Amino acid sequence: MSPTAERVRAGDHSTTTVDRLVAEHRPGYALQREFQVDPGIYQLELDRIWRQSWLFAGHSCEARTPGDYFLFDIDTDSIIIARAEDGRLHAMHNTCRHRGTKVCEAESGHVKRLVCPYHQWSYGLDGALLACGGMDREDGIDRHDLPLHPVAVEEVAGLVFVNLGKNPSGFDAAREEIQSRLAIQGLEHAKVVAVRNYQVKANWKLVWENNRECWHCNVSHPEYVRANFDAARLDDPAVRQVIAERSDAISERLRDHGIEIDFRDPGLTPFPTADRWWSINRTPLVEGFVTESVDGQPVAPLMGGYRDREVGTLRVRTMPNLWHHSSSDHSMSNRLAPAGPGVTRVQVQWLVDEAAVEGRDYDVERILPFWQRTSEQDWGLCERNHGGVMSSAFTPGPYSRKREYNVIAFTEWYLREIGRGR
Amino acid sequence: MSPTAERVRAGDHSTTTVDRLVAEHRPGYALQREFQVDPGIYQLELDRIWRQSWLFAGHSCEARTPGDYFLFDIDTDSIIIARAEDGRLHAMHNTCRHRGTKVCEAESGHVKRLVCPYHQWSYGLDGALLACGGMDREDGIDRHDLPLHPVAVEEVAGLVFVNLGKNPSGFDAAREEIQSRLAIQGLEHAKVVAVRNYQVKANWKLVWENNRECWHCNVSHPEYVRANFDAARLDDPAVRQVIAERSDAISERLRDHGIEIDFRDPGLTPFPTADRWWSINRTPLVEGFVTESVDGQPVAPLMGGYRDREVGTLRVRTMPNLWHHSSSDHSMSNRLAPAGPGVTRVQVQWLVDEAAVEGRDYDVERILPFWQRTSEQDWGLCERNHGGVMSSAFTPGPYSRKREYNVIAFTEWYLREIGRGR
Amino acid sequence: MSPTAERVRAGDHSTTTVDRLVAEHRPGYALQREFQVDPGIYQLELDRIWRQSWLFAGHSCEARTPGDYFLFDIDTDSIIIARAEDGRLHAMHNTCRHRGTKVCEAESGHVKRLVCPYHQWSYGLDGALLACGGMDREDGIDRHDLPLHPVAVEEVAGLVFVNLGKNPSGFDAAREEIQSRLAIQGLEHAKVVAVRNYQVKANWKLVWENNRECWHCNVSHPEYVRANFDAARLDDPAVRQVIAERSDAISERLRDHGIEIDFRDPGLTPFPTADRWWSINRTPLVEGFVTESVDGQPVAPLMGGYRDREVGTLRVRTMPNLWHHSSSDHSMSNRLAPAGPGVTRVQVQWLVDEAAVEGRDYDVERILPFWQRTSEQDWGLCERNHGGVMSSAFTPGPYSRKREYNVIAFTEWYLREIGRGR
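Since the structure is predicted, the reported quantities are computational estimates derived from the model, not experimental observations. (Residues numbered from 1 in each chain as written. Chains lettered and ligands numbered in written order. Predicted model: local features only at pLDDT ≥ 70, side-chain atom pairs only at ≥ 80, totals over all residues. Heavy atoms only, no water.)

Description of the overall build of chain A
Stage number 1. A count of helices and strands for chain A gives twelve helices and 16 strands.
Stage number 2. Counting only C-alpha atoms, chain A reaches 80 × 55 × 35 Å along its principal axes.
Stage number 3. Sorting the 422 residues of chain A into buried and exposed places 60% on the buried side.
Stage number 4. Looking at chain A alone, contacts between residues at least 24 apart form 66% of all its contacts between residues at least 6 apart.
Stage number 5. Of the roughly 15,400 Å² of accessible surface on chain A, a fraction of 49% belongs to carbon and sulfur atoms.
Stage number 6. Taken together, the 50 basic and 61 acidic charged side chains of chain A have centroids lying 2 Å from each other. (Helix = DSSP H or I, 4+ residues; strand = E, 2+ residues; numbered from the N terminus. Buried < 20%, exposed > 50% of the residue type's maximum accessible area, 1.4 Å probe, protein only. Contact = heavy atoms within 4.5 Å. Areas by Shrake-Rupley, 256 points an atom, 1.4 Å probe, with all protein chains shown as cover. Lys, Arg positive; Asp, Glu negative; His and termini not counted. Charge placed at Lys NZ, Arg CZ, Asp CG, Glu CD.)

In structure tokens:
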């Protein structure tokens, strides 16, 4: 459908506004209030970012077997990700080509065909229209013209990404790097053992800003900082020494397994950057923590190719909607999606090896608390942040170059994307 | 009040948009997404359709006795329909001419005068201002200038219609036809025995489209299709034969009562049409069903002028907000009103003869399920339809000429009305 | 922050609309519908009225001791009112100068410093930035540039007012008059014993209009009219005689205490007026009522400088958001704030002498009902009024010059303020 004149006009208006705001933005300072609350800018973000980027949708194991599917909602768009008979994943808009009805309602399921409940138009797991109640014969329509609107989809090392754009940017570079580092985690042979869904009353960018620094961690995240060096004193040589020693020990012991600690600084890996929308690296945990659990002790059997419990944490982030932490025994993925200028949907998922048996090999109640508490602590901060940004008196304040360099990097990434006008 | 410049400007904008969308609409295909979700188009619909058309408001028996009144809400407008001492119905906007307060709050009631609860301005049942606390003497206002804003109202065979427009289109042709066919049902001597109110989260047009075809019936409406031929195989000569025989039998037996089966096709009577906003016809029920109840057996005494239980169903539809089914023993009216681009208020009412006694002559729990289930099955479909139409990827699909001819007719009716710019 | 082009454009649009509506308004008649429902006009009201006027925020005793603070929300703005070590009150926007987070979440509290929960930026009770995690050293920012955005604040006789404007209008004339009349009430040595918060679904101006006349009192406020002369027959010489006698008796007896009944008419003191946004006066109660309680009997010990129970009621109103009634033994303050075109937040508070002991000297359940019932009766009327004004058929009706002179005065005040374009 060609954009309507009205949308073009609204687009023009918001485009002018955005161009001015981008020009007026003061580097090193927070985004202006309009970016967080203006409905027109929000629509532009959907067009320029959320419908143009590779979005983390879920895990390969959520649609493990042909016929399995799961849904992923972005604003008012709903995407079906399904595995077809040939074992390949397909992604499609969840809107029937007849009268637009949502074909799938359940968050996930197993089906032979995707059948619209309204008039039983039936689609293959690849989205092809297979039956339309005879309209192809009677009304002369060509079924090949009416597949579910396709969405680009990619799998890499057990992670599933979709791209709603007409000309998705390349995925190969991301695939290569993520595959080479993440394969050992064995996510393709994992299973989701817990899911928590949240409606965070904050703009999605404030949720990202929260994730991109650990200045707030020492006070707000007692569980997290006991296990991680993210909030350690950046300029303390003793800390650097501890990290280096732990990194060397793991890297040396496990180099022949293809495991290397490649991020050895206190604080966070620089991300996002100008050249890549993805990032993956491994970093050590604090002494006494062999996994990201509350007491640091293992909570499930080893995953994937690991032969040792002490492997640090493997972390993946992709713009604009994923952060992921893997320990040797379990993984956690955090998926974002906007649901309005002031609402962000977040899904947190926990995975273990698919062969592990609950009750015998793991106990969900031991796996969950570390990231459930950390996440919920963050949602509270994000909502309070959004509440204050709604003040008519709000003015963007300065970021700390030492502790919020990634928040600065995030605003730069955002201003490039939103200003791009692709 | 003359339209404000702002509304005119907003109107200009939406008018331009609508003109373009009407021109771009592809005949035989669904309406474009903007028609279902755009707030400006919704306002234009209020102006051009809902405030210009004859709207089904309720039944004569809901205001049987002088002093009885009931309310009918359309968007943020509230209409009072009251019976005056002379036995005639009057309709008025439910907003006091003093400071605008809602005069009536209860959905229905019995009063001597309509008294505003704020400062006791008192109006006759015809809306005339009778008392205003002496302001006529003290402030020199003329009470005759300040009646409740009048609304055109018509009664026909026990149905009540209102028209919010300044120059309502003629009602005589509709009256003549409905009166001659519906009078035998005796709705003027009926009573409402059950009411169900719904807030359906779907645009009102999607609710109409749902009603204008029975392709979805076989799978979604098990109760309905057992009793009716609407979803029967259209091209099966045997079905046509059965319908013809049942129609002939009833028509012959009851011709001297003025009863004739005039719709003898499988499927739905063509409606809406270019020349009329109303339609009434009688059609047979399936063998074994003497009324639209779950088991097909009678659920109440005969109504009106009937002397025989097997009379098929008498059906009335009026654009933009009524469908009505009458059996020999009970009637069901379904009233729509918009409450926002994505919300439709629906009221379903069931009526029996006024002399029938609950417990002795009828049991509400036997009357309700047929239409309550059918209605609620439809609201689920409508909401799922709306959910999918909200997708940014939605594109209007083709309608079946064989099974959705009335949906096509509905879109044509709609495009005429919304494009009219009256 | 300089107004954005978008806000200027939206402002231009609404300004044009407002100018036209102000010009079209018919004197002596209700405000046009747009004033009550249009979101653009609502934004203009925030800019021109709510962010330019002296707003009643609360009582001195709500922040009695250095370190005490309380919050006051206007639309999406949140204001902190805190008492500093030097005993002076300070008011500040509740949005951290770092990333905008709400610094205070609890409605009131006691703190040494105002510490943002996100990154522990710490502010003095006067709003000065005291610590920012070292960013002043590391990032070269000057802490003096980053206090919490200040808000003008004034205390007078135990009432606290704030002004969000950059150049607040003078407060001295109001202070002088309120101080001289209200000091005897002893509000500086009072305590809040009950609070009720309401979300009234009506535009704030309809809430004011409700308060500015007592025509509706006889029917709607049985408790209120038994105690007060506000709704007494204006033109009954006998009533005037009673009021005069009661006024003389009190004034003569208490003149040497500085107490005088200065409003001796039935009905309401004229307010608002063109020259003052505040008003204070004392008026007698009906025989048998020594205080505004349901039975007219005392409900608490004498407050402030009173030595006699029969002192009438002392009333204060300030535009745009306070009305206050004081009896000899307790006080009631009613604070408004807008929360959208169709929602008004109201806080009602009751105060007694700070030395009074619950259970021994007073019982909250005897103090509350008079104003709790009167208030809640009004919220019902206001919501019904708003519901009717939302009708597309609403036309502004005439006000009674005899009984709604203050509603007329209110509309005149409003049209001056909103049309001013400061």
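Here's the deal with the sheet that holds strand E3 (residues 77–83) of chain C
Residue and element names in this part refer to chain C.
Stage number 1. Strand order in the open sheet formed by seven strands is E1-E10-E9-E4-E3-E2-E5, with antiparallel pairing between adjacent strands. Of all the strands in the sheet, just strand E1 (54–59) and strand E5 (108–110) have a single pairing partner and so form its edges. Recorded for the sheet is a direction-independent mean angle of 25° between the axes of neighbouring strands.
Stage number 2. Its contacts with the sheet place helix H5 (residues 172–182) against strand E9 (150–156) and strand E10 (159–163), and it is angled at close to 35° to E9. (Pairing = 2+ DSSP bridges. Axes fitted to C-alpha atoms, helices over the stretch in contact; angles between N-to-C directions.)

Side note on the nonpolar core
Stage number 1. Within the largest apolar cluster, 99 residues are counted, with the highest numbers of intra-cluster contacts made by Ile81(B), Phe161(B), Val162(B), Leu182(B), Trp350(B) and Tyr414(B).
Stage number 2. Counting residues per element, this core draws most heavily on helix H3 (residues 39–50) of chain B, at six residues.
Stage number 3. Aside from chain neighbours lying at most four places away, what touches Tyr414(B) is Leu31(B), Phe35(B), Ile41(B), Glu45(B), Ile49(B), Trp204(B) and Lys205(B).
Stage number 4. In terms of nonpolar packing, the next biggest core, distinct from the first, is built from 98 residues, Trp54(A), Leu89(A), Val207(A) and Cys217(A) among them. (Core = buried A, V, L, I, M, F, W, Y, C linked by side-chain atoms within 4.5 Å.)

Some remarks on the relation of the copies chain C and chain B
Stage number 1. Superposing chain C onto chain B takes a rotation of 120° combined with a translation of 0.0 Å along the rotation axis, leaving an RMSD of 0.0 Å. Expressed as a symmetry operation, the mapping of one chain copy onto the other fits a three-fold axis. (Least-squares fit on C-alpha atoms with pLDDT ≥ 70 in both.)

Quick look at the interface of chain C and chain B
Stage number 1. Listed per partner, the contact involves 35 residues of chain C and 34 residues of chain B.
Stage number 2. Buried surface at the junction of chain C and chain B, both sides included, amounts to about 3,200 Å², of which 49% is carbon and sulfur.
Stage number 3. Scanning the region where chain C abuts chain B turns up seven salt bridges.
Stage number 4. Here Arg403(C) makes a salt bridge to Glu138(B), at a shortest N to O gap of 3.5 Å.
Stage number 5. Our count for the contact surface shared by chain C and chain B stands at 23 residue pairs in polar contact (both at pLDDT 80 or more).
Stage number 6. Those elements that provide at least two residues to the side of chain C that touches chain B are helix H1 (5–24), helix H2 (33–37), helix H6 (204–211), helix H7 (217–220) and helix H11 (369–389) of chain C.
Stage number 7. When residues of the side of chain C that touches chain B are assigned to their parent elements, the largest contribution, six residues, is made by H11(C).
Stage number 8. For the side of chain C that touches chain B, the class distribution of residues is eleven nonpolar, 13 polar and eleven charged. (Buried area = accessible area lost by both parts, 1.4 Å probe. Salt bridge = Lys/Arg side-chain N within 4 Å of Asp/Glu carboxyl O. Polar contact = N/O pair within 3.5 Å; in protein donor to acceptor, adjacent residues only side chain to side chain. Nonpolar A, V, L, I, M, F, W, Y, C, P; charged D, E, K, R; others polar.)

Remarks on the sheet that holds strand E16 (residues 344–353) of chain B
Strands in a sheet are paired, the pairing made by backbone hydrogen bonds, and the direction either parallel or antiparallel.
Residues and elements named next belong to chain B.
Stage number 1. An order of E11-E16-E15-E14-E13-E12 is seen for the six strands of this open sheet, with the pairing classed as antiparallel. With partners counted over all chains shown, the strands left at the sheet margins are strand E11 (190–200) and strand E12 (278–283), one partner each. Strand after strand, the sheet turns through a mean of 15° between neighbouring axes, direction not considered.
Stage number 2. The pairing of strand E14 (residues 322–326) with strand E15 (residues 331–338) spans five bridges and is classified as antiparallel. By the bridge assignment, His324 is partnered in E15 with Ser333.
Stage number 3. Strands in contact with helix H11 (residues 369–389) are E11, E14, E15 and E16; relative to E11, the strand with the most contacts, it is inclined by about 20°.

Here we look at the interface of chain B and chain A
Stage number 1. In this complex, chain B contributes 35 residues to the contact, which on the side of chain A involves 34 residues.
Stage number 2. Summed over both partners, the interface of chain B with chain A buries about 3,100 Å², with 49% contributed by carbon and sulfur atoms.
Stage number 3. Area buried by chain B at its contact with chain A is led by Trp215(B), Arg384(B) and Pro398(B), which between them contribute 21% of it.
Stage number 4. The interface formed by chain B and chain A holds seven salt bridges in total.
Stage number 5. Put simply, chain B and chain A have 23 residue pairs in polar contact (both at pLDDT 80 or more) between them.
Stage number 6. Of all elements in the fold, only helix H1 (5–24), helix H2 (33–37), helix H6 (204–211), helix H7 (217–220) and H11 of chain B reach the threshold of two or more residues within the side of chain B that touches chain A.
Stage number 7. With six residues, H11(B) is the largest single contributor of residues to the side of chain B that touches chain A.
Stage number 8. When grouped by side-chain class, the residues that make up the side of chain B that touches chain A number eleven nonpolar, 13 polar and eleven charged.

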